[in-house]
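Okay, here's what each chain looks like letter by letter:
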Amino acid sequence: MNNQKDWQTKNLEAIRQRISWLHEQPDGVIFSQPSGIHFLTIKKVQFIIQLVLVEQVTLKMNWVQSILNLNNPTYLIFPYTQAMMLALLWNSQPQKIYIAGFGGGSIPQFLHHYFPDATIECTEVDANILSIAKKFFGVELNERLKVKVQDGREYLEQQNQQTKYDIIMIDVAFGNGYMSYNLATKEFYELCDRHLSESGVIVVNTLKSNGFEAEYVKTIQSVFPSIYICHTSGKNTIIFGTRDGFMTQAEIREKAKILQNYYQFSFPLVDRANEIKILEELPSLNLEKVSIFQDNTSPGNYFDSWLF
């Protein structure tokens, strides 16, 4: 434990040094670069750094993809990122983690910091975002924290069948909140299931506002028998899928307290644990009325946005 604490102290100092130059930057937009249908924009507000996706046509700045506290760089600010750490309830000492969607790298960097024995493999479809994560979010890649610029499903399909992950996280969304359809189907979750370890868990970040929450849940449930759902204050819906039997609310809270006390996370994991529900507690989802997403049957209104 002491060796781990020593490593974390050194790692945190290294992150602080990589982002120290940002303290001197003025408030406001300090960087902007076109990428696809957006401008990738870095905005500074006092000691907060934001990666904002700005729509090129309307110049709307309403999609903050990543956020960093310069004074506390390993702190997970977004409630949804805190909620995704509840995956640790099923595997508290992960050795191998896969994350589809890198963004500013706050979740991968957090896991790299708190779990120095774990290897974190990530995919990101936008090389420009990866460059921004390195420059503005203090990310440094190494043999334990790897990113490949590639589609998240394609990467997993190319892995050896013996490759197993303790945690698989899907954190991919377009600027309008939609998750790429190839990461939302039954066939994709079957692929994830094949690459999960015996006590593995899958965590999927979705946005309630896109109108397909029930479909996402029913599709994941078609592969994973135990489903848990966490609605966060940021309008995200985090879905957890496991093969294990159900945990009670009391067990969930107790495990979250143990994790909090052991790892001394700087955010309230227990508060997020109190937000977890099982399907029976969410009758409004009405799964009977929706279809399971499958590769060969994409709903016609899935991308009902002028952006596509």
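Summary of the structure given here. (Residues numbered from 1 in each chain as written. Predicted model: local features only at pLDDT ≥ 70, side-chain atom pairs only at ≥ 80, totals over all residues. Heavy atoms only, no water.)

Section: the overall build of the protein chain
1) Next: For the protein chain, the count of helices and strands is nine helices and twelve strands.
2) Next: What you see for the protein chain is a C-alpha radius of gyration of 19 Å, in line with the 19 Å of a compact globule of 308 residues.
3) Next: Principal-axis analysis of the C-alpha atoms gives the protein chain an extent of 55 × 50 × 35 Å.
4) Next: Considering the protein chain as a whole, with its 308 residues, one finds that 54% of them fall into the buried category.
5) Next: Considering only contacts in the protein chain between residues 6 or more positions apart, those separated by 24 or more positions represent 67%.
6) Next: Taking the average place of the 27 positive charges on the side chains of the protein chain and the average place of its 32 negative ones, the gap between the two points comes to 3 Å. (Helix = DSSP H or I, 4+ residues; strand = E, 2+ residues; numbered from the N terminus. Rg over C-alpha atoms; globule rule 2.2 N^0.38 Å. Buried < 20%, exposed > 50% of the residue type's maximum accessible area, 1.4 Å probe, protein only. Contact = heavy atoms within 4.5 Å. Lys, Arg positive; Asp, Glu negative; His and termini not counted. Charge placed at Lys NZ, Arg CZ, Asp CG, Glu CD.)

Side note on the side chain of Thr-123
1) Next: Within the element layout of this structure, Thr-123 appears in strand β6 (residues 119-123).
2) Next: Ignoring any residue separated from it by four or fewer positions in sequence, one finds Thr-123 in contact with Tyr-98, Ile-99, Ala-100, Gly-101, Phe-102, Lys-148, Gln-150, Asp-151, Gly-152 and Tyr-155.

Overview of the nonpolar core
1) Next: Met-85, Leu-111 and Met-169 are the most contacted members of the largest nonpolar core, which totals 61 residues.
2) Next: Top element by residues in this core is helix α4 (residues 127-136). It accounts for five residues.
3) Next: Setting aside anything within four residues of it in sequence, one finds Met-85 in contact with Leu-76, Ile-107, Phe-110, Leu-111, Met-169, Phe-267 and Leu-269.
4) Next: By size, the runner-up hydrophobic cluster in this structure holds 35 residues, among which are Ala-100, Tyr-181, Phe-188 and Ile-202. (Core = buried A, V, L, I, M, F, W, Y, C linked by side-chain atoms within 4.5 Å.)

As for the pattern of salt bridges
1) Next: Across all of its chains, the model carries six salt bridges by this definition.
2) Next: Glu-140 is the salt-bridge partner of Arg-18, the closest N and O atoms lying 3.6 Å from each other. Of the two residues, Arg-18 sits in helix α1 (residues 2-19) while Glu-140 sits in the loop between α4 and β7 (145-148), which places them 122 residues apart along the sequence.
3) Next: In this structure, the salt-bridge partner of Arg-272 is Glu-275, at a minimum N-O distance of 3.1 Å.
4) Next: Residue classification places Arg-272 among the buried positions, given a relative accessible area of 12%. (Salt bridge = Lys/Arg side-chain N within 4 Å of Asp/Glu carboxyl O.)

Things to note about the packing of aromatic side chains
1) Next: Summed over all chains, the structure comprises 20 aromatic pairs.
2) Next: For the ring pair Trp-21 and Phe-136, a centre distance of 5.6 Å and an interplane angle of 50 degrees mean the geometry is tilted. With Trp-21 in the loop between α1 and β1 (28-35) and Phe-136 in helix α4, this pair connects stretches of sequence that are 115 residues apart.
3) Next: With a relative accessible area of 2%, Phe-136 lands in the buried category.
4) Next: With 4.7 Å between their ring centres and 90 degrees between their planes, Tyr-262 and Tyr-263 make a pair best called edge-to-face.
5) Next: The class for Tyr-262 is partly exposed, based on a relative accessible area of 39%. (Phe/Tyr/Trp six-rings, centres within 6.5 Å; stacked < 30°, edge-to-face > 60°.)

Considerations on the packing of α1 against helix α3 (residues 106-114)
1) Next: Running from N to C, α1 and α3 point in directions that differ by 145 degrees, and their axes come no closer than 9 Å. Of the residues in α3, those touching α1 at Gln-4, Trp-7, Gln-8, Asn-11, Leu-12, Ile-15 and Arg-18 are Gln-109, His-112, His-113 and Tyr-114.
2) Next: Of the residues assigned to the contact of α1 with α3, the class counts are four nonpolar, six polar and one charged. (Axes fitted to C-alpha atoms, helices over the stretch in contact; angles between N-to-C directions. Nonpolar A, V, L, I, M, F, W, Y, C, P; charged D, E, K, R; others polar.)

Thoughts on the pairing of strand β10 (residues 226-231)
1) Next: Burial analysis of β10 places five of its six residues in the buried class, the great majority of the element.
2) Next: Both β10 and strand β11 (residues 236-242) contribute to a ladder of six bridges, which runs antiparallel. In the strand pairing of β11, Ile-229 is matched with Ile-239.
3) Next: With antiparallel pairing between neighbouring strands as the criterion, β10 and β11 make up a hairpin whose turn holds four residues, including Lys-235 at a positive phi of roughly 70 degrees. (Pairing = 2+ DSSP bridges.)

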